[in-house]
Amino acid sequence: MSGVRTPENALGVRIEPWSEEGLELLRRINTPEMKRHVGGPETEEQVLARHRRYLGALDGRMFRVLLPGGEAVGTVGYWARVWRGEAVYESGWNVLPSHQGRGVAAAAVAAVLHRARAEGRHRYLHAFPSVDNPASNALCRRAGFVLLGECDFPYPPGSGRTMRSNDWRLDLAARTDAPGGGPEGSAAGRADGC
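Attention in this report is confined to the structure presented alongside it. (Residues numbered from 1 in each chain as written. Predicted model: local features only at pLDDT ≥ 70, side-chain atom pairs only at ≥ 80, totals over all residues. Heavy atoms only, no water.)

Here the focus is the pattern of salt bridges. Throughout the structure, instances matching the rule amount to eleven salt bridges. Taking the shortest distance from any N to any O, the salt bridge between E90 and R81 comes out at 2.8 Å. Given the relative accessible area of 9%, E90 is considered buried. A relative accessible area of 24% places R81 in the partly exposed class. A salt bridge links E119 to R121, with the nearest nitrogen and oxygen atoms 3.8 Å apart. Its relative accessible area of 45% is what places R121 among the partly exposed residues. (Salt bridge = Lys/Arg side-chain N within 4 Å of Asp/Glu carboxyl O. Buried < 20%, exposed > 50% of the residue type's maximum accessible area, 1.4 Å probe, protein only.)

This is the structure we're talking about:
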């Protein structure tokens, strides 16, 4: 996937494949403010385990979000999973508070969508932000995802706990020039809950 060029954006934001340099970024993200919608900060052991998973690419791709000068200000990625009996991609992102509200996350998500489309392994990409996370839910809508409804989403993985989330889905096979990213951009694409 390293040969896939991501679309240019006005901010000059780029994504770079996960590397050892990402560990310090994970530690900077692991704060009560950044983790309030996902159950709070992780232990150092959990952060190290997450870093190892990201290095292994989770059957997908994890990236650091970089500003034009090379400063790492967030994470973004996608990975394979089975959701409701179907093989799909899941996506997630974080941007440090000092860089939120500036379009950085939107540019990073656009770059990840471009890569997932180019890879072409799964038709749908889902995002599961907490119902109480207005910024991530708004970003899903702006990026062309369609809200399928609320669900109890298992998080953190393997914990046996769930978090109340919105299930957003984007059709990677749809034309990208159509409103909402393609045919799903209409209300007809909605479903009742997860």
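Residues I15, V65, V76, L125 and F145 are the most contacted members of the largest nonpolar core, which totals 28 residues. Those elements that place two or more of their residues in this core are β2 (60–66), β3 (72–83), β4 (86–95), α3 (104–119), β5 (124–127), α4 (134–143) and β7 (162–171). Examining the composition of this core, we find that eight residues originate from one element, α3, more than from any other. The residues touching V76, leaving out its near neighbours within four places in the chain, are I15, R61, M62, F63, V65, G92, W93, A108, V109 and V112. Formed by 13 residues, the second largest nonpolar core is a distinct cluster that contains W18, M34, L66 and A72. (Core = buried A, V, L, I, M, F, W, Y, C linked by side-chain atoms within 4.5 Å. Helix = DSSP H or I, 4+ residues; strand = E, 2+ residues; numbered from the N terminus. Contact = heavy atoms within 4.5 Å.)

Here we take up the environment of R169. The residue R169 is located in strand β7 in this model. Relative accessible area serves as the criterion here: at 18%, R169 is assigned to the buried category. For the pair R169 and C140, spaced 29 residues apart in the sequence, the C-alpha separation amounts to 8.6 Å.

An ideal rise of 1.5 Å per residue puts 22 Å on 16 residues; α3 measures up with 23 Å between its terminal C-alpha atoms. The set of residues buried in α3 consists of V104, A107, A108, V109, A111, V112, L113, R115, A116 and E119. At the C-terminal side of α3, G120 shows a positive phi close to 65°. (Expected span 1.5 Å × (residues − 1).)

Right, let's talk about α4 for a bit. Taken together, the buried positions of α4 are S136, N137, L139 and C140. Looking straight down α4, one finds that the buried residues subtend no more than 160° of arc, so they occupy a single side. Exposed residues pointing more than 90 degrees away from the buried face of α4 are listed as P134, A135, R141 and R142. In this structure, the buried side of α4 is in contact with β4, α3, β5 and β7. Following α4 by one or two positions, G144 has its phi on the positive side, about 100°. (Arc of directions from axis to C-beta.)

What follows is about the packing of aromatic side chains. Per the counting criterion, the structure on display carries five aromatic pairs. Between the aromatic rings of W18 and Y54, the centroid separation amounts to 5.0 Å while the plane-to-plane angle is 85°, which identifies the pairing as edge-to-face. Pair noted here: W18 is in the loop between β1 (14–17) and α1 (22–29) and Y54 is in helix α2 (residues 44–55), with a separation of 36 residues, a long-range link. Accessibility assignment for this pair places W18 and Y54 in one class, buried. Look at Y78 and Y89: their rings are 4.9 Å apart centre to centre, the planes differ by 85°, and that puts the pair in the edge-to-face class. On the criterion of sequence distance, the pair formed by Y78 in strand β3 and Y89 in strand β4 is long-range, its members being eleven residues apart. Both residues of the pair, Y78 and Y89, count as buried. Put simply, the rings of W83, F128 and F153 touch in pairs and so form one group of aromatic residues. In this structure, R169 is placed above the aromatic ring of Y124, and the distance from its NZ or CZ to the ring centre is 4.2 Å. (Phe/Tyr/Trp six-rings, centres within 6.5 Å; stacked < 30°, edge-to-face > 60°. Lys NZ or Arg CZ within 6 Å of the ring centre and 35° of its normal.)

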